[in-house]
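Coordinates in review
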Amino acid sequence: MDKIMDRTIKDLLQDEVLEQLAVNVIRGLSMDAVQKANSGHPGTPMGLADAAVVLWTRFLSFDPEAPDWPDRDRFVLSCGHASMLLYSLLFLSGYGLTLEDLKNFRQFGSKTAGHPEYGHTPGVETTTGPLGQGISNAVGMALAERILASRYNKADIELFNHWTYVFASDGDLMEGISHESCSLAGHLGLGKLIVLYDDNGITIDGHTSLAYSDNVQERFLGYGWEVQQINGNDRKQVEAAFLRAKMSMDKPHLIIAKTHIGYGSPHKQDSEKAHGEPLGEEEVRLAKERLGLPPNVSFYVPEEVKEYFRVFAQKGKQRRKQWLELYESYSKKYPKEALELEKALKNELPEGWDKDLPTFPLDKPIATRAASGSVINAIFSKVDSLIGGSADLTPSNNTKPKEAKDITKGNYAGRYIHYGVREHGMAAIMSGMALHKGIRPYGGTFLIFSDYMRPTMRLAAMMKLPVIYIFTHDSIGLGEDGPTHQPVEQLTALRAIPNMTVFRPCDAAETVEGWKVALEKTDGPTALILTRQALPVLDRSKYASSSGARYGAYVLSDMADFQVILIGTGSEVHIALEAQKLLAQKQIPTRVVSMPSWDLFLQQPAQYIEEVIPSRIRARVAVEAGATLAWNKWIGLDGEVVGLDHFGASAPYKVIYQQFGITAEKVMEAAIRSLGKLQ
């Protein structure tokens, strides 16, 4: 190490022989790992190795000893199938990966999963693999950097000044989400975002010309980006392109880099055969010969290549040390802002954030979307890390508090984002902001459009990101807009996502509890499911306290010696309460359970679950204006569901509920049928 360390960085950057060896070692590692696993994608890492070495040695600011350092540059491998490129870089740079980890590529329990996983492997900034997600997350990261810089940087101390770099593929740019997010990035002028597009012309099926003839340059120029075209396997061109991209700060940058997939493979370079399958032992040997690597040595890593990368890691470590000194000065000079930032980076809520949460009069029904808007207004000035937004439905979602200023191009000091009609892009950008840290994003749209967002929400749950989704117009209760806008199966679909908290409150008071749940959860996303139609505010002197909602389910209304349990969510809880009265007239005592969140309820101790829904009571009815598919979990074999297993209709919502049989009378009949099964 001393031999390398004795050389200056300037000297090392001029050592083209050592640099070429570093590039080819990455190619060799990628070939070997895929070959050993008999699975994976060797071609893209081989084609991108030149650009990766240039970026990681000349531009990227990082410290392997502190992967979460706030002002580090972010590197996003949007083409996550090229994971061996990233794993090789992390291994060589000293992030804690070992050669054994590379040899265990794609094996159970290894740190080197088939696609990069955030939180699983140090140095991975986001989970990628589903194409289009990484580049869209990166837009959120770049936006977060600008927001935090506007909020915390001072004239004399600059805390946030880093770049977001992306490697993206043809597939990333084909996916519709990339159009949404990159369009907004251009609109907002995110000049510290640099995307290198790996234009290798190959997909799984063959050449991209089979299905793809976009003029990518014109497309991104139309978005308001700066665009360059280079030979991505010419490292001098790559370096010049990055230098040029960093000279302008008012537009994001796209570097269209023409590369050779499977670079060095004599028979599979520039072929789909290099994309998603091992090259084959003989082809690997021939490629190594061509690249000047020992042909019969697997996982070849000369010590000087590791030392080479560690020198540049030391450069990042020095920069982080300077930043920590800067932050110490900042803390002394601006203690209020420093404390606020520290809490924001840890997703901690300030003391007293919930002190003035709203209460609601009993004589005025209110839609839970409106109640949510009241909560946002109450907490917005107290939780400074909150950044809101909506996909062009701000007045309908009630997501913008009165005091919020818009985030616009060149002015990132606001706290509200108009995402436009870009639901999928919105979700991925919110994930990117959460990944960056320092920001707690929430965003709204109609529940029906959660389908557009589902791939991103799934990844957010996988990454345990504390993102808040506000889904209004939650059922056939939205009425006249008709079946295209009336969600039926969406609640079940959201509940099926592991680590996603789905919360559907029955009134304004439960909505307040839902917001508490959402803000206090730091290890996964929350979906608040809210009504368009006004709902009665329950008299909590008559019914149980709304605080029980935080347990996922609670006994709302009870009768002595109850024979039937009625379970409702959201607006249908009120139908269950009406059914309780009808059944009482028939001398059938019941218990009504409000169940705003299945997953929260399942997290409770078994004793609590048994207390709320005792197993001895087998006569049960669930009522929800949505798919009945999964309700057997709660009602058992003898229970009944009053729900909706077909699409809705266009009409006033009260008419629809009546016509589709989601009524107190139908719940009563279902309860009697359930009791009859037990006789």
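A short tour of the structure in this document, coming up. Computed from a prediction, not measured in an experiment: that's the story for all the values here. (Residues numbered from 1 in each chain as written. Predicted model: local features only at pLDDT ≥ 70, side-chain atom pairs only at ≥ 80, totals over all residues. Heavy atoms only, no water.)

1. Re the overall build of the protein chain
This is how the line gets drawn: To qualify as a helix, a DSSP run of H or I must reach at least 4 residues; to qualify as a strand, a run of E must reach at least 2; elements of each kind are numbered from the N terminus. Only protein chains enter the area calculation, which uses a 1.4 Å probe; residues under 20% of their type maximum are buried, those over 50% are exposed, and those in between are partly exposed. When checking whether two residues touch, look at their non-hydrogen atoms; a contact exists if any pair is within 4.5 Å. Where accessible areas are quoted, they stem from the Shrake-Rupley method and a 1.4 Å probe; at the residue level, only the protein chains shown are allowed to cover. All tallies of charge rest on Lys and Arg as positive and Asp and Glu as negative; His and the ends of each chain are not included. The atom standing in for a charge is NZ when the residue is Lys, CZ when it is Arg, CG when it is Asp and CD when it is Glu.
A tally of regular secondary structure across the protein chain gives 26 helices and 18 strands. Looking at the protein chain residue by residue over its 679 residues, the buried ones come to 62%. Relative to all contacts within the protein chain whose residues are 6 or more apart in sequence, the contacts with residues 24 or more apart total 77%. Of the roughly 25600 Å² of accessible surface on the protein chain, 50% is carried by carbon and sulfur atoms. Of the charged side chains in the protein chain, 73 are positive and 82 negative; the average position of the first set lies 3 Å away from that of the second.

2. A word on the sheet that holds strand S6 (residues 226-231)
What counts, and what does not: Note on pairing: DSSP must find at least two bridges between two strands before they are called paired. The convention used is that axes are lines fitted to C-alpha atoms, helices contributing only their stretch in contact, and that angles between N-to-C directions extend from 0 to 180 degrees.
What the 5 strands build is an open sheet, ordered S1-S2-S3-S7-S6; its pairing is parallel. Both edges of this open sheet fall to strand S1 (74-77) and S6, since each of them pairs with a single strand only. The mean angle between the axes of side-by-side strands here comes to 20°, regardless of whether they run parallel or antiparallel. When strand S2 (residues 164-169) meets strand S3 (residues 193-199), the two strands line up parallel, connected through 6 bridges. The partner of Ala-168 across the bridge, within S3, is Tyr-197.

3. Things to note about the pairing of strand S15 (residues 564-568)
As a general feature of sheets, a regular strand has side chains that alternate between the two faces. Counting buried positions over the 5 residues of S15 gives 5, a clear majority of the element. Taking every second residue as pointing to the same face, both faces of S15 are buried, with Val-564, Leu-566 and Gly-568 on one and Ile-565 and Ile-567 on the other. As paired strands, S15 and strand S16 (residues 590-594) are joined by 5 bridges and run parallel to one another. Each bridged residue has a counterpart across the sheet, and for Ile-567 the counterpart in S16 is Val-593.

4. What about the environment of Pro-45?
Inspection of the secondary structure assignment puts Pro-45 in helix H4 (residues 43-59). Measuring from C-alpha to C-alpha, the distance between Pro-45 and Ser-390 comes to 37 Å, with 345 residues separating the pair along the chain. Those residues in contact with Pro-45 that lie beyond four places of it in its chain are Ser-30, Ala-82, Met-84 and Leu-85.

5. Some details on the nonpolar core
Soluble, globular proteins show a tendency: their nonpolar side chains are buried together. Put simply, the rule reads: The criterion is simple. A nonpolar core is a set of buried Ala, Val, Leu, Ile, Met, Phe, Trp, Tyr and Cys residues joined through side-chain atoms within 4.5 Å. Domain ranges listed in this record stem from an automatic or a database domain assignment.
One finds Ile-379, Trp-515, Leu-566, Met-595, Phe-601 and Ile-662 to be the most contacted residues of the largest nonpolar core, which totals 79 residues. Counting contributing residues per domain, this core is built from domain 2 (366-527) and domain 3 (551-675), each supplying no fewer than three. Non-local contacts of Phe-601, meaning those with residues more than four positions away in its chain, are made with Tyr-551, Gly-552, Ala-553, Met-595, Tyr-608, Ile-609, Val-612, Ile-613 and Trp-634. Tyr-118, Ile-439, Leu-447 and Val-502 belong to the second largest nonpolar core, which has 75 residues in total.

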